[in-house]
Structure formats: C-alpha cells, structure tokens
Amino acid sequence: MKFDKTMSDQIEFISLALENCENLEVFGDDILDFWTSEIRMGVGSYGENEADDGGIVISKRAFKNMSSAATEEYEDGTRGLDYDPEEVFYLYNRLMKCCDICQIFVKLKDGGELLFSVPYDPLESDLCGNEIDLSNCPSAELDANGDLSIFFGASSHTYQRTDNNYFDLVIGLKDEIKHKLNGPLQIWLDTFSNTKSDYRCPRLFIGMRIANHGYSGKKMNLVFEDIRNVTYDISFGEEEKRHLWMSRISNGEIFVEIEGFCTFYCQGIKTYSHFSGERDDSGIYEENEIYKKALRCELSERQMELFAGNHLAHNEKEFDMTAFTDAVQKVLNGDITVKYFMNWLNAHSEMVQFYSEVHFRNDAFYCTLATMMDRLQIKLSYYENLSDCRALIEKSAEEIEEFYKAEYVID
C-alpha cells in the first residue's frame, strides 16, 4: 500500500508521533499533499509497517495546532501549559525547531487506520545517552506558498550522514590499513594526551592498538585537531577492547566517541606518522629572503612545506592582511595549489601567535586570528581539488578579513 495526492480527501486526520512521545494532529482539510513510497507491512523483529520515502504538505491554517504535551497531565496533575506558553506547543514552532517524527498514524474517513514508521536515525552518544545530530531524519521547511513541507526517508532535506567512514575521515589511514575493515574499529587504548598540543587549535594525541581481525595488535597513533567539548568517564580497571566511532555531522565537525571512555568534537583527524612526517631542513635557513618570498607565495611547493615546518616567520612583524588577501587570490586563481595555501596558512597562523607572545600581546584578537587561519588549513586537509573547496576558502577568507577590519578599521 502507498498514499498519493489523490487520496488526500479520504483522510480524516493524521497524527505525527514524535521521538519524545508527543503527538501532533492535522485534520484532512489542512493536508494539502500526502504521499509515500510503498509501505512495507509488518517488517522487522517488531512487525512494524515502514515507509522509506514520502512527504506531507500542511496548510498554514494548522500552524497553531498544539501538540499533545500541552494538555496531557503529568503524575502531579499539571500540564505542559502550566509551565510554558502555548506558542511552545504550536505545530509550526515544534517541527521547525526539531523535526523528530518517528511514526505517522493515518485515520481514514471510512474508518480504516494505518500506523507506519519513517526513517529516523539521529547520531547518538552511547556514553552520554543523548542525540548528537538530527541528520538522517525527517526535514521541515516552508514552501513558496508559506505552507509547511515535511519530507522523510530518501526525500528528506536533512544532512545525510555516513558513520565510521574511517578512510574518508582519517588522513593517512590508507597508508596504515591496506584492507577494508570488517565492522567498526575496535581498539585498545595506550595513551591519551594533549601535552603536545599547541596554542592555536587544541589537539588530542591518542595512541592505540587495533583489535580488528587481521590487524590485531597493530599500533596506530591518531591526532585529533581543533577539539572541543571533551567528555570523559575514565575507570582504572583491566584493559578493555573498545569501539572507536566517528561521524561527520551537519555543522561540518567530526563527532568522535571511544566506547565507554570519552566523546569530543574535532575539525580533522590524521595518523601521527602523516602529521609529523620527517622533513629535510637543509638549505632553508636564509630567513629574511625566504620569508619575503613566502609572503608573496614565490617559493616552490617543497620550500613552502619546509618553511611552514620551520616557522621562520618568528623574526618578522605582525600579520599582514594584504599578504593574506594576495595568497587567497592566488589560490583561487590557481596560481598556487591548495596544499601550498595550507602550508602558507600554517606558517602565518603561527607567526601571528608568536608575534603576540613576544610582544606581550597575547590577547583575544591575535589568538582568534591565528585560530581562524589554522582552522581553515585543517579543513583544507580533506581537499585536493580547488573546485571542491573554493566556497570554503571564499567564506573563511571573508570571515577572517571581516574580523581583522573590525579591529583595525575605524569609520
């Protein structure tokens, strides 16, 4: 069975069941469109009906329909309306804030009924027991007429998340693990440290041994860059084998969870061998001339890589916005590669921080400016082709320039 627009006039009402057990009812006259893919009847271990694709258009007339949470009584006899204004429970406000529809109940005018589930797969934290990201879930948005369009399954407009795609998320992993993993990464933890982190984007250095079949005991060291919101629950017992989960979420960050141990967010992940590759420093110590050429992006790509590793900009002056703008324009024009621009950002973000420290100006402005550049080069680590990251470079450059102007330009 499936629904289509021609059946809308047969519907008495539909009830949208939300993840927190609230319900939102919409009468047939306010349903402008309703369609589903073929509903699979009685599937899964619980014998549920399921639809993989579909959509509903709800008239603006129904926007003030209130959810069941407004009037249902708690154990003490109070209701939701005793605590929050009715606007909180409006259908429009509730779904636009959080479209957590799990099931749809349809009541037909001829007395027929049908309850079916829709795809609802948010990213959840096992350690914290909460939902991290409502990707892979239904979407809600206004259409051109101002009515509410809800899509689920294949038609949903929410961010489509892929979990544990390690070879895409961990730069350098393909050099460490040659073959496809059978299931999620399982690890034994050896070290967990941020003592090697620097002052711009905080890092975590985690040493581990892989427990998956075919790699059991293989050492692997990972660097998690620009981390935030570290949550941990450390117990000092026997050595445990743990799952290592990671997913890029809808805001572009990577959520990482080490089973039963910690969770955090980061901008990038690299193998330690990739992160700290050996450098040949010979012939790169002509500091003043090298620095001037680096500012103008006139070094070879190899020289620029060495320059970024040696941080020769320490003897020079504070950040030069003109040089930054020129470097951005050169990468956008294709005059320098994305990798070259990454090395340029790495060197000059350190220059900004060093200047502020040696001149006792370690204030929020310089720290933020250095972090913004470093964060951009971390994000660019995932791109090789300019066409794939042009929008990212343009947006980030605009943010950095606006931040700089706010400090130095006086109207």
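Predicted model, so just to flag it, every value in this text is computed and none were measured.

### A word on the pattern of salt bridges
Per the counting criterion, the structure on display carries 21 salt bridges. The shortest N-O distance in the salt bridge between K219 and D190 comes to 3.8 Å. Taken as a pair, K219 in strand 16 (residues 219–225) and D190 in strand 14 (residues 185–193) lie far apart in primary sequence, 29 residues in all. Residue K219 is classed as exposed on the basis of its relative accessible area, which comes to 57%. For D190, a relative accessible area of 37% gives the class partly exposed. Across the salt bridge formed by E305 and R302, the nearest N and O atoms sit 3.7 Å from each other. Of the two residues, E305 and R302 both sit in helix 6 (residues 301–310), three residues apart, roughly one turn of that helix. Residue class for E305 comes out partly exposed when judged on its relative accessible area of 22%. Salt bridges sharing partners connect three or more residues here, namely E22, R94 and D100.

### A word on the packing of aromatic side chains
Inspection of the entire model under this criterion finds twelve aromatic pairs. Relative to F27, the ring of F13 has its centre 6.4 Å away and its plane inclined at 65°; by these criteria the two rings are edge-to-face. Linking F13 in strand 1 (residues 11–18) with F27 in strand 2 (residues 23–27), this pair joins segments that are 14 residues apart in sequence. Given a relative accessible area of 14%, F13 falls into the buried group. Among the aromatic residues, those joined into a cluster by ring pairs are F13, F27 and F105. Its guanidinium or amino end placed over the ring of Y265, R228 lies 4.4 Å from that ring's centre, counting from NZ or CZ.

### Description of helix 7 (residues 321–333)
Over its 13 residues, helix 7 runs 18 Å from end to end, which matches the ideal 18 Å to within 8%, given 1.5 Å per residue. Taken together, the buried positions of helix 7 are M321, A323, F324, A327, V328, V331 and L332. Within two residues after helix 7, G334 carries a phi angle of roughly 85°, on the positive side.

### Here's the deal with the nonpolar core
Residues F324, F341, W344, L380 and I393 are the most contacted members of the largest nonpolar core, which totals 40 residues. Of all the elements in the fold, those that place two or more residues in this core are helix 5 (287–295), helix 6, helix 7, helix 8 (338–358), helix 9 (364–380) and helix 10 (386–408). Considering each element in turn, this core owes the most residues, nine residues, to helix 8. What L380 contacts, discounting residues up to four positions off in sequence, is V338, F341, M342, L345, C389, L392 and I393. I14, L18, I31 and L114 belong to the second-largest nonpolar core, a separate cluster that totals 30 residues.

### Focus: the environment of E72
The topology assignment puts E72 in the loop between strand 6 (53–58) and helix 1 (91–97). Residues in contact with E72, not counting those within four places in the same chain, are T78, R79 and G80.

### Describing the environment of G42
You can see G42 is positioned in strand 4 (residues 40–43). Along the chain, G42 and F116 lie 74 residues apart, while their C-alpha atoms are 9.2 Å from each other. With residues near it in sequence (within four places) discarded, G42 still touches G47, E48 and N49.

### Description of the sheet that holds strand 6
The sheet built from four strands is open, its strands ordered 3-6-12-11 with antiparallel pairing. In the strand order of this sheet, the two ends are held by strand 3 (31–36) and strand 11 (139–142), each with one partner. Neighbour-to-neighbour, the strand axes of this sheet turn through a mean angle of 15°, independent of strand direction.

### Observations concerning helix 9
In an α-helix, one full turn covers 3.6 residues, which means residues spaced three or four apart are oriented alike. Here helix 9 is 17 residues long and its end C-alpha atoms lie 24 Å apart, about the 24 Å a rise of 1.5 Å per residue gives. With twelve of 17 residues buried, helix 9 lies mostly within the body of the structure. Of all the residues in helix 9, the buried ones are F365, Y366, L369, A370, T371, M372, M373, D374, L376, Q377, I378 and L380.

### Some points on a nonpolar patch on the surface
Residues V230, Y232, I234 and F236 make up a contiguous nonpolar surface patch of roughly 470 Å² in combined accessible area. With respect to the element layout, Y232 can be found in strand 17 (residues 228–232). Given the relative accessible area of 55%, Y232 is considered exposed.

### Remarks on the pairing of strand 1
Within a regular strand, side chains alternate between the sheet's two faces. Burial within strand 1 is extensive, with seven of its eight residues counted as buried. Here five bridges tie strand 1 to strand 2, and the two strands are oriented antiparallel to one another. Looking at the pairing, L16 lines up with L24 of strand 2. Hairpin connection of strand 1 to strand 2: four residues between the antiparallel strands, including C21 at a positive phi of 75°.

### Some remarks on the sheet that holds strand 16
Read across the sheet, nine strands follow the order 13-21-16-15-14-18-19-20-17 without closing on themselves; strand pairing throughout is mixed. Since the sheet does not close on itself, it has two edges, and those belong to strand 13 (170–171) and strand 17, each with one partner. Across seven bridges, the pairing between strand 15 (residues 203–210) and strand 16 is antiparallel. Following the sheet pairing, L204 is matched in strand 16 by F224.

### Details of the pairing of strand 10 (residues 130–133)
Pairing of strand 9 (residues 123–125) with strand 10 involves three bridges; the strand directions are antiparallel. Residue S125 lies in a different strand from strand 10, and its bridge partner there is N130.

Reading the values: rules and limits
- Residues numbered from 1 in each chain as written.
- Predicted model: local features only at pLDDT ≥ 70, side-chain atom pairs only at ≥ 80, totals over all residues.
- Heavy atoms only, no water.
- Salt bridge = Lys/Arg side-chain N within 4 Å of Asp/Glu carboxyl O.
- Helix = DSSP H or I, 4+ residues; strand = E, 2+ residues; numbered from the N terminus.
- Buried < 20%, exposed > 50% of the residue type's maximum accessible area, 1.4 Å probe, protein only.
- Phe/Tyr/Trp six-rings, centres within 6.5 Å; stacked < 30°, edge-to-face > 60°.
- Lys NZ or Arg CZ within 6 Å of the ring centre and 35° of its normal.
- Expected span 1.5 Å × (residues − 1).
- Core = buried A, V, L, I, M, F, W, Y, C linked by side-chain atoms within 4.5 Å.
- Contact = heavy atoms within 4.5 Å.
- Pairing = 2+ DSSP bridges.
- Axes fitted to C-alpha atoms, helices over the stretch in contact; angles between N-to-C directions.
- Patch = residues over 30% accessible without salt bridge, like charges linked within 9 Å, V, L, I, M, F, W, Y side chains within 5 Å.
- Areas by Shrake-Rupley, 256 points an atom, 1.4 Å probe, with all protein chains shown as cover.

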